[in-house]
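# Descriptive analysis of the structure
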Amino acid sequence: MSGKEIAIIGGGPAGLMAAEMLSMSGYAVTVYDGMPTVGRKFLLAGKSGLNITHSEDYQHFVTRFGTASHRLRDALDGFTPQDVRTWASGLGTETFTGTSGRVFPTVMKASPLLRAWLGRLEAQGVKLMTRHRWTGFADSGLVFETPNGPVTVQGDATLLALGGASWPRLGADGSWIPLLSDKGVEIADLQPANCGFDVAWSDVFKDRFAGAPLKSVTTMSEAGTFPGEFVVSRHGIEGSLVYAHCAALRDRLTRQGHARLLVDLAPGRSLERLEKDLARQDGKISLSNRLRKGAGLEGVKAALVRELCSQSILQDPAQLARLIKALPIPVVRPRPIAEAISSAGGIRLDGLDKRYMLKALPGVFVAGEMLDWEAPTGGYLLTACLATGRAAAKGVNEWLNFG
Ligand SMILES: Cc1cc2nc3c(=O)[nH]c(=O)nc-3n(C[C@H](O)[C@H](O)[C@H](O)COP(=O)(O)OP(=O)(O)OC[C@H]3O[C@@H](n4cnc5c(N)ncnc54)[C@H](O)[C@@H]3O)c2cc1C
């Protein structure tokens, strides 16, 4: 043992990965967490199939972090998607690649992996102090609220991995923001990422179709063109196909006050064919029959056309065909961050040195979702949390040894 003590605050994937690295390097590591147990969001992520990383070409993978891609590159190179799979395998969790290229544990869940991981950390001497909510810095160290009152802790280095602000009841609620901004750390506002959007549906439409899936459609925005399915909700639209457009729609709403998701409801038919098929229909038959016979649209797809198109468009085969191929759904606002899969924003990356140490607070390192990056769903989030946890741990080691 080096005799040096490291306080890691936050027992999510980023903090636990840092604990694994630092305890392996011989430091006395304590992980503090405000919740009664650690890894709650990780466990929740496993409820719908833990998508732990992605198998796409690595050169493509590393571009998925938007403007932060370049800055995260060293951390990702240090813990690639293949490393994630090898690491999980080392903990007894084998993985497989789904048809979309996403990588999952064969058991789909996170619980066996987390159990084995916590067992290994304990064997490496990592102490877990749960129900310790970090409330700030004091001259004498780090201050925590605990069931037995406030506690102050001193360490040779501190690593914060406090997460973003989605699903706050799982522990990460962004309450660290004032604690760090008071110390001069620059933080971009936390915003919902990988979230649904509100749409001003009519009562008739939402009463009838909330919960209905729009299957086999293609969606388009500045983010790109993606096939798949999404769901109509009472509030608006939800689902992984919407999440893929989240950053583009959210940022356009911020910039311009309005944004639209374009949907091709009949991706299997060309515009020309659709126009001909619609024009061939007898003008006397009902709109439902025209949409069904002329465009193959029924149920929620046909209802969406009625909901969003004016009467004059519905009567004109050429305009109707154009809209069926690119129907604009006007989104009003993102759903609240508490419902989002992840957060955008956080500690600005130019406020960190290469070792993931805060320039404003020497000796304090940061990792995971609390940093200012975002990525789509697909295993990118967990991979980057694990990778930055490792990179920050490496940074602690370098700083303690070489200053
Ligand atoms: C429903 C859902 C499904 C998801 N599915 C996937 C998926 O399949 N694949 C994927 O890649 N990602 C997924 N994610 C995202 C992924 O779970 C997160 O990106 C990841 O958990 C973030 O890791 P982290 O360690 O940075 O933070 P967190 O996991 O949020 O951990 C932060 C920890 O810090 C603690 N903490 C916070 N503030 C304090 C404080 N003041 N004092 C003490 N402790 C504190 C919290 O209690 C928490 O334990 C999903 C998220 C959700 C909500």
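Residues numbered from 1 in each chain as written. Predicted model: local features only at pLDDT ≥ 70, side-chain atom pairs only at ≥ 80, totals over all residues. Heavy atoms only, no water.

When you line up the elements, Glu222 lands in the loop between β13 (213–221) and β14 (224–232). Taking the C-alpha atoms as reference points, Glu222 and Ala248, 26 residues apart in sequence, are found 5.8 Å from one another. Setting aside chain neighbours within four positions, we find Glu222 in contact with Ala248, Arg252 and Arg255. Reaching out from Glu222, the side chain makes a polar contact with the side chain of Arg252 at a distance of 2.5 Å. (Helix = DSSP H or I, 4+ residues; strand = E, 2+ residues; numbered from the N terminus. Contact = heavy atoms within 4.5 Å. Polar contact = N/O pair within 3.5 Å; in protein donor to acceptor, adjacent residues only side chain to side chain.)

In this model, the second largest pocket occupies a volume close to 960 Å³. Together, 35 residues line the second largest pocket, and Arg64, Tyr243, Ala244, Ala375 and Pro376 are the ones closest to its centre. For the lining of the second largest pocket, the elements supplying multiple residues, two or more each, are β14, α9 (240–243), α10 (246–256) and β19 (342–347). Across the lining of the second largest pocket, the residue classes break down as 17 nonpolar, 11 polar and 7 charged. (1 Å grid on protein atoms, 1.4 Å probe; cavity = no way out; pocket = protein on both sides within 12 Å on 5 of 7 lines; lining within 4 Å. Points joined across faces, edges and corners; volume = space filled by probe spheres on them. Nonpolar A, V, L, I, M, F, W, Y, C, P; charged D, E, K, R; others polar.)

Going through the model one piece at a time under the given rule, you end up with 14 aromatic pairs. Geometrically, the ring pair formed by Tyr32 and Phe144 is stacked, given 4.4 Å between the ring centres and 25 degrees between the ring planes. One end of the pair, Tyr32, is in strand β2 (residues 28–32); the other, Phe144, is in strand β8 (residues 141–146), and 112 residues separate them in sequence. Here the two residues Tyr32 and Phe144 agree in accessibility, since each one is buried. (Phe/Tyr/Trp six-rings, centres within 6.5 Å; stacked < 30°, edge-to-face > 60°. Buried < 20%, exposed > 50% of the residue type's maximum accessible area, 1.4 Å probe, protein only.)

Applying the stated criterion across every chain yields a total of 19 salt bridges. The partner of Arg348 in a salt bridge is Glu186, with the nearest N and O atoms 3.8 Å apart. With Arg348 in the loop between β19 and β20 (364–366) and Glu186 in the loop between α7 (177–181) and β11 (187–193), this residue pair connects regions lying 162 residues apart in the sequence. Arg348 sits in the partly exposed class, given a relative accessible area of 34%. Look at Glu186 and you get exposed, because its relative accessible area is 53%. Of the charged contacts, one joins Arg234 and Asp207 as a salt bridge, the two residues approaching to 3.0 Å between their closest N and O atoms. Taken as a pair, Arg234 in the loop between β14 and β15 (236–238) and Asp207 in helix α8 (residues 203–209) lie far apart in primary sequence, 27 residues in all. With a relative accessible area of 44%, Arg234 lands in the partly exposed category. Accessibility expressed as a relative area gives 54% for Asp207, which makes it exposed. (Salt bridge = Lys/Arg side-chain N within 4 Å of Asp/Glu carboxyl O.)

Bring the parts together and some accessible area is lost; that lost area is often taken as the interface size. Annotation of the protein at the domain level lists domain 1 (5–192 + 340–402) and domain 2 (197–334). Taking the mean C-alpha position of each, domain 1 and domain 2 sit 39 Å from one another. Every contact between the two is made by 6 residues of domain 1 and, on the other side, 7 residues of domain 2. Between domain 1 and domain 2 the total buried area reaches about 500 Å² when both faces are included, carbon and sulfur atoms providing 53% of it. (Domains from an automatic or database assignment. Buried area = accessible area lost by both parts, 1.4 Å probe.)

Further remarks concern the side chain of Gln281. Here Gln281 is to be found in the loop between α11 (271–279) and α12 (287–295). Those residues in contact with Gln281, other than ones at most four positions away along the chain, are Arg290, Lys293 and Gly294.

This part is about the pairing of β19. Taken across its 6 residues, β19 has 6 buried, putting it largely inside the fold. Strand direction decides the pairing type here: β11 and β19, joined by 5 bridges, are antiparallel. The residue of β19 that forms the bridge with Ala193 is Ser342. (Pairing = 2+ DSSP bridges.)

The side chains of a regular strand alternate between the sheet's two faces. Along β2, 4 of the 5 residues are buried, which leaves the element largely enclosed by surrounding structure. Two elements, strand β1 (residues 5–9) and β2, share 5 bridges in a ladder whose sense is parallel. Each bridged residue has a counterpart across the sheet, and for Ala7 the counterpart in β2 is Thr30. In terms of handedness, the path from β1 via helix α1 (residues 13–24) over to β2 forms a crossover that is right-handed. Judged from the 3 bridges that link them, β2 and strand β6 (residues 127–129) form a sheet pairing that is parallel. Paired with Thr30 across the two strands is Lys127, which belongs to β6. (Right-handed = clockwise from strand over helix to strand, strands pointing away.)

A few words now on the site of the ligand. Neighbouring the ligand are 31 residues, the closest being Asp33, Asn51, Trp134, Glu369 and Leu382. Gly34 places a main-chain nitrogen or oxygen 3.0 Å from a nitrogen atom of the ligand. Between Leu382 and the ligand, the recorded distance is 2.8 Å, taken from a backbone N or O atom to an oxygen atom. Expressed as a share of its isolated accessible area of 1,000 Å², the protein-covered part of the ligand is 95%. Listing elements by their share of the shell around the ligand, those giving two or more residues are α1, α2 (40–45), β7 (133–138) and α16 (380–402). Across the shell around the ligand, the residue classes break down as 16 nonpolar, 11 polar and 4 charged. (Near = heavy atom within 4 Å. Areas by Shrake-Rupley, 256 points an atom, 1.4 Å probe, with all protein chains shown as cover.)

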